[in-house]
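Chain and residue survey
Now for the letters of each chain:
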Amino acid sequence: MDKSWIKKPQNSIEYDEGVRRFIDFGFQHSSIEGKILCPCSPCGFRKWLSKEDVYDHLLCKKFPEGYTFWFYHGESKVASTSNVAGEAMSHGAQNQNVNVDPIFNMINDAFGVNRQRDNEVQFQQNENIEQEEGMTQNAANEEFSVDTEFYELARDGEQPLYEGCHKYSKLSFIVKLYHIKCLCRMTDKSMTMILELLQDAFEHAKIPSSFYEAKKTITKLGLDYKKIHACPKNCMLYWGEENETRETCKICHASRWKPPPKEGDCTSSKQKTKKRNVPAKVVRYFPLKPRLQRLFLSTKTAEDMRWHAMHGNNDGLMRHPRDSEAWKKFDDLHTSFASDPRNVRLGLATDGFNPFGNMSASYSIWPVILIPYNTPPWLCMKSTSFIISTIIPGKRMPGNDIDVFLQPLIKELKELWQDGVDAYDAFTREMFKLHAALMWTISDFPGLGNLSGWNTYTGLACPSCNFDSEPCRLYHSKKWCFIGHRRFLHERHRFRLNRIRFNGKQDLRNPPRLLSGCEILEQVENINVTFGKRPDISGKGKRRRVGGRDLHGNTQQWKKKSIFFELPYWRHNLLRHNLDVMHIEKNVCDNIIFTLLNDSSKSKDHLNARRDLQRMGCKNDLWPDDNGKYPLAIYTMTNQGKKMFLTTLRNINVPDGYASNISRCID
């Protein structure tokens, strides 16, 4: 189509005819409810107007010269990005008259503009068919409720906060206020009080009356979560068709609800007015499917999700998990999954933290976070790329019962592996079937025991060695010791034959064989564990330690069959559980530094350690005497050496991002 009329004078016949052809083209390809987006500079592609209004605006205001590709109005050519805000920004760089409210970027990421147009056409087709057949419109309205939410959000984005306001719309004001609440950790009650004050001070402004009303608007963006009630003793979730309507736990028979307050309690009067029961424990679960679908609704993130397959590695160095042997073996075993680079590879990380700092040391919340590994290394480990999956509340850590809280996630991962989910790819502008797989988990050493089921508190705590290890108990230090590290050395290494400097024995064993997932599954196949923290069979009220010792007093090394084995591909994964590098580096660094500095409170070289050396019969030059005095080791620093060492640490300079401010830690 000829677009030279755009640069013509507004009072010319060519300009008038060009505007009419543009409006006819727009209503033919990109009209919604008899309206199109007005491109004039005051509207800036933010307002849906009728044909007459758009015609009047374009005659009074000049048509934006930079808008030569009519991406809003139905041209089929794929531009640099299909996202509406991204298009406006790219064309706005050429012409400053094209301005788009950034809030529409969020709306279009949540719903997808092109997908929205397809749904609109499908909705009209279904509506005509049902009218011909005389059917009700309830099913169609439920199926396309997403479109209704899109229109409501679009209207809120176009509606100014008050008459004459050009800076904030109703939606942008709510989103920015909600952002402040999250950054400043404000309570819902404080936000409601602020909104009431703003509404009272600015009567003509379109401000919600409470935070509850504001949150109903924000949840339309699709980032909601589900509240799942749980047994307070971690026995079960009130989730699924069988358990959702239960009132008591099917294992420990504890009540699903908190007990009512006693008479005379300060909250008893308030409880009488509230007839709704309060659950004893609530788990927040964030559905995974809509969050994976949303990664492909923006062309930028949709392109990044292909990075692992489109960018090769020529030097053989490992910079990304895709360069690892575990990733390559997964691709060889599951060729159909690996054939589409858009299929998502996930890692699961979890650990406990105290949200109240030092105010309550007995409280521990465990978030479960998923990491999409499709993106490049400078993006996949950013906090903005993490997908929160589950929030397990305290007061105590879930421990071995963490499988109870992972049930919704595992169910969704199985569906994503077998059936997949329909997703819209904004980069190629097509629908596709999206699948996902969990590659491995990441945790510290106690967390590895909780996720895998291997007991990490015994002499056989090493999950790699499995049962092929020799436990060594330090009698005086009351700790388990791992002294089988010499078996990993070369066969002719001199340390293998050295008796004096180690435990008084030679170590000629070969390294332990790495067991496959199928062999691990055979070990745990017949283990049946009842989850939950309950008193033992003696009736003394003590909490039974699952996985410690069985009824015969024998050590139970496997505490459970991990729930991850329900995933059909988990047994074939070469690498299933990873240890967090941060915890290992910090603990090893602390132990070495405080031992070198001979710190009496944190050093690993103490009297009990010297007595254990004497009991093992090695390093007789370090044995203590009868009075408990022992000679200093060769690595122990003198006062002068400590001063030089600490001065060096205080004055050291490292590149930004490689270390914290070490000088603040030096006394």
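About the criteria used
- Residues numbered from 1 in each chain as written.
- Predicted model: local features only at pLDDT ≥ 70, side-chain atom pairs only at ≥ 80, totals over all residues.
- Heavy atoms only, no water.
- Helix = DSSP H or I, 4+ residues; strand = E, 2+ residues; numbered from the N terminus.
- Core = buried A, V, L, I, M, F, W, Y, C linked by side-chain atoms within 4.5 Å.
- Buried < 20%, exposed > 50% of the residue type's maximum accessible area, 1.4 Å probe, protein only.
- Phe/Tyr/Trp six-rings, centres within 6.5 Å; stacked < 30°, edge-to-face > 60°.
- Salt bridge = Lys/Arg side-chain N within 4 Å of Asp/Glu carboxyl O.
- Contact = heavy atoms within 4.5 Å.
- Pairing = 2+ DSSP bridges.
- Axes fitted to C-alpha atoms, helices over the stretch in contact; angles between N-to-C directions.
- pLDDT = per-residue confidence, 0-100.
- Arc of directions from axis to C-beta.
- Patch = residues over 30% accessible without salt bridge, like charges linked within 9 Å, V, L, I, M, F, W, Y side chains within 5 Å.
- Areas by Shrake-Rupley, 256 points an atom, 1.4 Å probe, with all protein chains shown as cover.

**Regarding unusual backbone geometry**
The omega angle of the peptide bond from G394 to K395 is 20°, so this bond is cis rather than trans. Checked against the element boundaries, K395 lands in the loop between β7 (387-392) and α18 (402-405). With phi around 60°, H253 is a residue other than glycine that occupies positive phi space. Within the element layout of this structure, H253 appears in the loop between β3 (226-229) and α11 (268-273).

**Observations regarding the nonpolar core**
Judged by nonpolar contacts, the single largest core of 60 residues is most densely connected at L288, L406, L409 and L438. If you look at the next biggest cluster of nonpolar residues, it comprises 22 residues, including F27, I36, F45 and F63.

**A word on the packing of aromatic side chains**
Inspection of every chain in the model, using the stated rule, returns 17 aromatic pairs. When the ring of W307 is compared with that of W378, the centres are 5.8 Å apart and the planes differ by 80°; the resulting orientation is edge-to-face. With a gap of 71 residues between them, W307 in helix α14 (residues 307-310) and W378 in helix α17 (residues 377-380) connect regions that are remote in the sequence. For W378, a relative accessible area of 54% corresponds to the exposed category.

**A word on the pattern of salt bridges**
Under the definition given, this model contains 23 salt bridges. Where E415 meets K289, a salt bridge forms, and the shortest distance between an N and an O atom there is 2.7 Å. Here K289 lies in helix α12 (residues 289-294) and E415 lies in helix α19 (residues 407-418), a separation of 126 residues in the sequence. Where K586 meets D590, a salt bridge forms, and the shortest distance between an N and an O atom there is 2.9 Å.

**A word on the side chain of S562**
Among the secondary structure elements, S562 is positioned in the loop between α22 (517-524) and β13 (577-579). Taking relative accessible area as the criterion, S562 reaches 3% and is therefore assigned buried. The residues touching S562, leaving out its near neighbours within four places in the chain, are D403, L451 and S452.

**A few points about the sheet that holds strand β10 (residues 436-443)**
The sheet built from seven strands is open, its strands ordered β3-β4-β7-β6-β5-β10-β13 with mixed pairing. Whereas interior strands pair on both sides, the edge strands pair on one side only; in this sheet they are β3 and β13. Mean inter-strand twist for the sheet, computed between neighbouring axes without regard to direction, equals 25°. As paired elements, strand β5 (residues 344-350) and β10 share six bridges and run parallel to each other. Paired with R345 across the strands is A437, a residue of β10. The strands touched by α19 within the sheet are β3, β4 (282-285), β5, β6 (366-372), β7 and β10, with β10 carrying the most contacts at an inclination of about 145°.

**Looking at the environment of C165**
With respect to the helices, strands and loops of the structure, C165 is situated in the loop between α7 (145-158) and α8 (170-184). As for C165 and A205, which are separated by 40 residues in sequence, their C-alpha atoms are 9.6 Å apart.

**Observations concerning the confidence of the model for the chain**
Low-pLDDT portions of the prediction should not be read for the details of their coordinates. Residues at a pLDDT of 70 or more form 82% of the chain, whose mean pLDDT is 81. Scored below 50 in pLDDT, residues 77-99 makes 42 contacts in the model with residues more than four places away or belonging to other chains. Note that residues 116-145 has pLDDT below 50 and, in this model, 23 contacts with residues that lie over four places away or in other chains.

**Some remarks on the pairing of β7**
Examined bridge by bridge, β4 and β7 share two bridges and lie antiparallel to one another. When the bridges of β7 are listed, R284 appears paired with I391. Here five bridges tie β6 to β7, and the two strands are oriented antiparallel to one another. Each residue of the ladder has a partner; that of I369, found in β7, is I388.

**Regarding helix α2 (residues 51-60)**
Among the residues of α2, those classed as buried are V54, Y55 and L58. Viewed along the axis of α2, the buried residues span an arc of 100°, placing them on a single side of the element. Residues of α2 that are exposed and point over 90 degrees away from its buried face: E52 and C60.

**Some thoughts on the pairing of β6**
Side chains on a regular strand alternate between the two faces of the sheet. Among the seven residues of β6, six are classified as buried, and the element is accordingly described as predominantly covered. One ladder, built from five bridges, connects β5 with β6; its direction is antiparallel. Considered in β6, the bridge of A349 is made with I369.

**Focus: a nonpolar patch on the surface**
On the surface, L579, I584, V588 and I592 cluster together into a nonpolar patch covering about 320 Å² of accessible area. With three residues, the top contributor of residues to the nonpolar patch is helix α23 (residues 581-596). Turning to its location among the elements, I584 is positioned in helix α23. Accessibility expressed as a relative area gives 41% for I584, which makes it partly exposed.

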